[in-house]
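So you can see what is in the structure, the chains are spelled out below.
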Amino acid sequence: MMRVADLEARPATLDDATIVSDIQTAIDPDDPSDPQITRYQWKTAPPWPRERFLLELAGRAVGFAYHAHAPWEEMSQRFGWVGAYLQPTEHTRERAMAAWDLVEERSRAEGTRTFTVWAFEKQTDLIAILVERGYAEERRGKGWELDLVTNRERLERMAEESLERMRGEGIAVLTLAADADPEAEQKLWQVWEESLQDVPTTMPIPTVPFDQWRKWLSKPGVARDAVWIAREGEAIVGVSALSYPPVRGNVWTDYTGTARSVRGRGVARALKLQTVMQAIGRGVPRVRTGNDAANAPILHLNEEMGYRQFGGGIQYLKPA
Ligand SMILES: CC(C)(COP(=O)(O)OP(=O)(O)OC[C@H]1O[C@@H](n2cnc3c(N)ncnc32)[C@H](O)[C@@H]1OP(=O)(O)O)[C@@H](O)C(=O)NCCC(=O)NCCS
């Protein structure tokens, strides 16, 4: 137990994932956090140095804090994730500052050179604390929402045209469940890893070993019959998947990526359209997606599909 202003910080266990998910939901009710997904992500997180703390007031959880970093041999720039969050009803400047002191100190002791955190533009309390602590804006992300009711007919038309174009290109669009290739998972991981390296970012993205990546396929909300892939002959050349949170939350794109060799041929468009057509078939009224503000091709695609921006995120950095 450690003192954090008038709170106590205690190391969080897997069983605390639910309460942390509840706190996250109280902080952003517009985008609820799913407790099963949170628990699974904690359970299957890469084996990196990390600590999670529950912040308690007289034995009642009112916040959480954490820090984590990739092994320094894989992240020579030594970026370390940090975060400290309080229930809105319990948020005070003093508590927040003390919780940030805790995670920054623990992360600094690990050898972190630069602290990093993302905040939503609307999290004005958090942003005020970060700015006061010397964090500076590094880059922006955009959040988008697509209304599947009002856009339905247009999306159906676009999806048809897109499939027609894929037939002309000799590219098959199907779900992972419908793919018979015994090496499909390996191939999917390869296209995932290749494309992930092309996401605009300040922090390098560490490569993920196959066995670690494979855990994504069993994540609650992800299902093989909702993972859309593109095939060109023997190769898997693209993927797009929506995540359907099992308990609560919005349906979000979990990932979209295509092989460098096929870019600009409409593969991402075709895949993303199939994911939303499936969501329409399941009666989902709207879906969300997020991307870096410097990611020109996906910004263009989202706009074309009729997504509307609902807000964004800001990445902050601070020298440790
Ligand atoms: C983003 C990504 C998935 C797009 O894949 P793709 O197969 O090339 O996509 P498509 O061919 O369907 O569409 C790309 C569109 O962007 C357009 N585009 C490409 N570069 C552009 C640029 N610099 N500015 C504006 N538009 C651009 C293309 O012209 C095309 O639009 P069009 O069909 O209307 O002509 C791919 O670049 C990728 O895998 N990037 C890395 C992973 C990533 O960033 N994923 C998304 C966010 S997590």
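Our structure is the block above this text.
Residues numbered from 1 in each chain as written. Predicted model: local features only at pLDDT ≥ 70, side-chain atom pairs only at ≥ 80, totals over all residues.

### Structural notes on the overall build of the protein
Here comes step 1: Secondary structure assignment for the protein yields nine helices and 13 strands.
Here comes step 2: Whereas a compact globule of 320 residues would reach a radius of gyration of roughly 20 Å, the protein reaches 21 Å, a difference of no more than 12%.
Here comes step 3: Expressed along its principal axes, the backbone C-alpha trace of the protein runs to roughly 65 × 45 × 35 Å.
Here comes step 4: A buried classification covers 34% of the 320 residues belonging to the protein.
Here comes step 5: Looking at the protein alone, contacts between residues at least 24 apart form 71% of all its contacts between residues at least 6 apart. (Helix = DSSP H or I, 4+ residues; strand = E, 2+ residues; numbered from the N terminus. Rg over C-alpha atoms; globule rule 2.2 N^0.38 Å. Buried ≥ 20, exposed ≤ 12 C-beta atoms within 10 Å, placed from the backbone. Contact = placed C-beta atoms within 7 Å.)

### Focus on the pairing of strand E2 (residues 7–11)
Here comes step 1: Note: strand E1 (residues 2–4) against E2, three bridges, orientation antiparallel. Counterpart to methionine 2 in the pairing with E2 is alanine 9.
Here comes step 2: Between E1 and the antiparallel strand that follows it, E2, lie two residues; alanine 5 among them carries a positive phi value of about 55°.
Here comes step 3: Relative to strand E3 (residues 50–57), E2 runs antiparallel, the two being bridged by four bridges. In the sheet register, proline 11 faces E3, and the bridge partner there is phenylalanine 53. (Pairing = 2+ DSSP bridges.)

### Observations concerning the site of the ligand
Here comes step 1: Taken together, 22 residues sit near the ligand, with Arg263, Ala268, Arg269, Ala296 and Pro297 positioned nearest.
Here comes step 2: Listing elements by their share of the shell around the ligand, those giving two or more residues are strand E11 (251–258), helix H8 (267–281) and helix H9 (296–305).
Here comes step 3: For the shell around the ligand, the leading source of residues is H9, giving six residues.
Here comes step 4: Class assignment of the residues belonging to the shell around the ligand gives a composition of eight nonpolar, nine polar and five charged. (Near = placed C-beta within 6 Å. Nonpolar A, V, L, I, M, F, W, Y, C, P; charged D, E, K, R; others polar.)

### Quick notes on helix H2 (residues 35–44)
Here comes step 1: Residues of H2 that are buried include every one of Pro35, Ile37, Thr38 and Tyr40, and no others.
Here comes step 2: For H2, the elements touching its buried residues are helix H1 (17–27).

### What to know about the packing of helix H5 (residues 152–169) against H8
Describing two packed helices takes the angle between their axes plus the distance from one axis to the other.
Here comes step 1: The N-to-C vectors of H5 and H8 enclose an angle of 140°; their axes lie 9 Å apart at closest approach. As far as their axial angle goes, H8 and H5 are oblique. In the crossing of H5 with H8, the sense of the turn from one axis to the other is left-handed. Residue-level inspection shows Arg152, Leu155, Glu156, Met158, Ala159, Ser162, Leu163 and Met166 of H5 in contact with H8, the latter providing Arg269, Ala270, Leu273, Gln274, Val276, Met277 and Ile280.
Here comes step 2: For the contact of H5 with H8, the per-class residue count stands at ten nonpolar, two polar and three charged. (Axes fitted to C-alpha atoms, helices over the stretch in contact; angles between N-to-C directions. Parallel < 35°, antiparallel > 145°, perpendicular 65-115°, else oblique. Left-handed = near helix turned anticlockwise from the far one by under 90°.)

### Observations regarding unusual backbone geometry
Here comes step 1: One non-glycine residue, alanine 58, lies in the positive phi region at around 50°.
Here comes step 2: By the element assignment, alanine 58 lies in the loop between E3 and strand E4 (60–68).
Here comes step 3: The class for alanine 58 is exposed, based on 8 C-beta atoms found within 10 Å.
Here comes step 4: Of note in the backbone geometry, arginine 78 takes a positive phi value of approximately 55° without being a glycine.
Here comes step 5: With respect to the secondary-structure elements, arginine 78 resides in the loop between E4 and strand E5 (79–86).
Here comes step 6: With 14 C-beta atoms packed within 10 Å, arginine 78 lands in the partly exposed category.

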